[in-house]
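Fold and contact review
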Amino acid sequence: MTTTHPADRETHTFSRIDWPDDHNPTVVSRRWPFLRQWTTMTDRGVRSAWAEGEFTVAVVMPMVFALGFYLPLRLVMADRGIDYAQFLMPIIVLQAVAFTAMAAAQRATLDKLRGMNRRLASMPVRALVPLSARMTVSLIRSVVSITAALVFGALLGFSFDGGLLDTLAFVGFALAVAVVLAIGADSLGLIARNPEATSQLLLLPQLILGLLSTGFVPESGFPEWAQPFARNQPISHFAATMRELADGNPTMSTALPALLWLGALAVVFVALAHHTQTHRRLYP
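Treat the numbers as computed from the prediction; the structure is a model and nothing was measured.

About the criteria used
- Residues numbered from 1 in each chain as written.
- Predicted model: local features only at pLDDT ≥ 70, side-chain atom pairs only at ≥ 80, totals over all residues.
- Heavy atoms only, no water.
- pLDDT = per-residue confidence, 0-100.
- Helix = DSSP H or I, 4+ residues; strand = E, 2+ residues; numbered from the N terminus.
- Contact = heavy atoms within 4.5 Å.
- 1 Å grid on protein atoms, 1.4 Å probe; cavity = no way out; pocket = protein on both sides within 12 Å on 5 of 7 lines; lining within 4 Å.
- Points joined across faces, edges and corners; volume = space filled by probe spheres on them.
- Nonpolar A, V, L, I, M, F, W, Y, C, P; charged D, E, K, R; others polar.
- Patch = residues over 30% accessible without salt bridge, like charges linked within 9 Å, V, L, I, M, F, W, Y side chains within 5 Å.
- Areas by Shrake-Rupley, 256 points an atom, 1.4 Å probe, with all protein chains shown as cover.
- Salt bridge = Lys/Arg side-chain N within 4 Å of Asp/Glu carboxyl O.
- Core = buried A, V, L, I, M, F, W, Y, C linked by side-chain atoms within 4.5 Å.
- Buried < 20%, exposed > 50% of the residue type's maximum accessible area, 1.4 Å probe, protein only.
- Axes fitted to C-alpha atoms, helices over the stretch in contact; angles between N-to-C directions.
- Parallel < 35°, antiparallel > 145°, perpendicular 65-115°, else oblique.
- Left-handed = near helix turned anticlockwise from the far one by under 90°.

1. What to know about the confidence of the model for the protein chain
- Confidence in the prediction of the protein chain, expressed as mean pLDDT, is 82, and 82% of residues score 70 or more.
- Per-residue pLDDT, averaged within each element of the protein chain, yields its smallest value for strand E2 (residues 14-16) (40) and its largest for helix H9 (residues 234-247) (94).
- Counted against residues more than four places away or in other chains, residues 1-22, with its pLDDT under 50, gives 16 contacts.
- Scored below 50 in pLDDT, residues 25-29 makes four contacts in the model with residues more than four places away or belonging to other chains.

Now the structure itself:
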């Protein structure tokens with residue numbers, strides 16, 4: 001392949017391009033290609049999320065949910081003998097990671113529409129690098145959002161009454177939920193045709209499962225016909241497990257259904273992610 005140097009255009013003198021020798025370790029490093037590619041794409045994703053204000057949203061949304069439910073319901077719950085700040089905080093954290101999953105879906109859709117997936121498909125990029133980088137960005141945003149939720153909760157009166165292991169288990173379980181939801185949302189984002197469709201696809205289930213759960217009000221606060229659904233759906237089990245961890249009294253009878261739900265969702269979403277990565281066009 002040849003090219004014309006600008007200074008030589010009039011004399012039609014051509015200079016040959018000498019490509020780097022990819023066998024020369026001083027030119028191209030062959031060590032840990034997955035790690036280098038993942039680091040580069042993660043850095044790109046974090047900078048893009050920062051530029052688009054995702055981290056600001058990650059801080060603001062927990063505050064909006066916390067104040068939006070705590071202020072109007074705290075006196076009602078106090079009449080029932082419930083410390084509402086302590087009761088509410090698990091669902092605020094879960095709502096925060098749910099919005100992180102929505103952002104992951106939109107990020108995947110935008111990468112597809114902007115041609116990033118087409119570009120990566122033409123490059124020697126390891127198969128799982130793009131997905132791994134997007135999940136890392138989602139995990140970083142989840143850490144920011146969970147931290148913000150816990151800070152706002154502490155201002156409202158929430159506290160961890162258990163030991164260090166209970167606190168770490170609380171945060172670890174929330175991050176596990178965040179990763180599982182982000183994997184599923186990322187796959188849906190690759191299927192969706194535009195970011196608006198992605199948001200509509202994910203917002204309704206989030207609102208239904210969140211509001212019809214025992215995260216915001218106890219089971220007795222629902223009509224009798226709605227109590228079985230509110231009691232047995234995954235968000236209620238997640239919130240109950242995190243509530244016990246915050247109180248320092250975790251029980252297997254509460255944790256087991258939550259872990260089973262989380263494991264089942266992980267299997268379904270990982271299978272969906274594998275399908276979208278290997279059997280579908282990842283670009284328009």
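2. Quick notes on the layout of surface pockets
- Of the voids in this model, the largest pocket is the one considered here, and its volume is about 470 Å³.
- Forming the walls of the largest pocket are 22 residues, and the residues nearest its centre are Leu 181, Pro 205, Gln 206, Leu 209 and Phe 269.
- Mapped by element, the contributors of at least two residues to the lining of the largest pocket are helix H3 (84-113), helix H6 (164-191), helix H7 (195-211), H9 and helix H10 (252-278).
- Looking at the lining of the largest pocket residue by residue, the classes come out as 18 nonpolar, four polar and no charged.

3. Some points on a nonpolar patch on the surface
- Where nonpolar side chains cluster on the molecular surface, the patch consists of Val 59, Val 60, Met 63, Val 64, Leu 67 and Leu 71 and spans about 430 Å² of accessible area.
- Mapped onto the secondary structure, Val 64 falls in helix H2 (residues 54-79).

4. Thoughts on the nonpolar core
- Core analysis: the biggest nonpolar cluster contains 53 residues, and Tyr 84, Leu 88, Ile 92, Val 93, Leu 94 and Phe 238 have the highest contact counts within it.
- Elements supplying a minimum of two residues to this core: H2, H3, helix H5 (129-156), H6, H9 and H10.
- Considering every element that reaches this core, the biggest residue donor is H3, with 15 residues.
- Setting aside its immediate chain neighbours within four residues, Ile 92 contacts Pro 62, Phe 65, Ala 66, Ala 149 and Phe 216.

5. Looking at the environment of Leu 272
- Mapped onto the elements of the fold, Leu 272 is located in helix H10.
- The sequence separation of Leu 272 and Ala 185 amounts to 87 residues, and the corresponding C-alpha distance is 9.9 Å.
- With residues near it in sequence (within four places) discarded, Leu 272 still touches Gly 184, Ser 187, Leu 188 and Ile 191.

6. Quick look at the packing of H2 against H3
- Where H2 meets H3, the axes come as close as 9 Å, and the angle between the chain directions of the two elements is 150 degrees. As far as their axial angle goes, H3 and H2 are roughly antiparallel. You can see that H2 and H3 cross each other, and the crossing is right-handed. Taken together, the residues of H3 that come into contact with H2 (itself represented by Glu 54, Met 61, Pro 62, Phe 65, Ala 66, Phe 69, Tyr 70, Leu 73, Arg 74 and Met 77) are Tyr 84, Ala 85, Leu 88, Ile 92, Gln 95, Ala 96, Phe 99, Ala 103 and Arg 107.
- Here the contact of H2 with H3 is built from residues that sort into 15 nonpolar, one polar and three charged.

7. Describing the environment of Phe 87
- Within the fold, Phe 87 resides in helix H3.
- Looking at Phe 87, the relative accessible area reads 11%, which means it is buried.
- Measuring from C-alpha to C-alpha, the distance between Phe 87 and Met 77 comes to 9.4 Å, with ten residues separating the pair along the chain.
- What Phe 87 contacts, discounting residues up to four positions off in sequence, is Ile 82, Thr 214, Gly 215, Phe 216, Val 217, Pro 218 and Arg 243.

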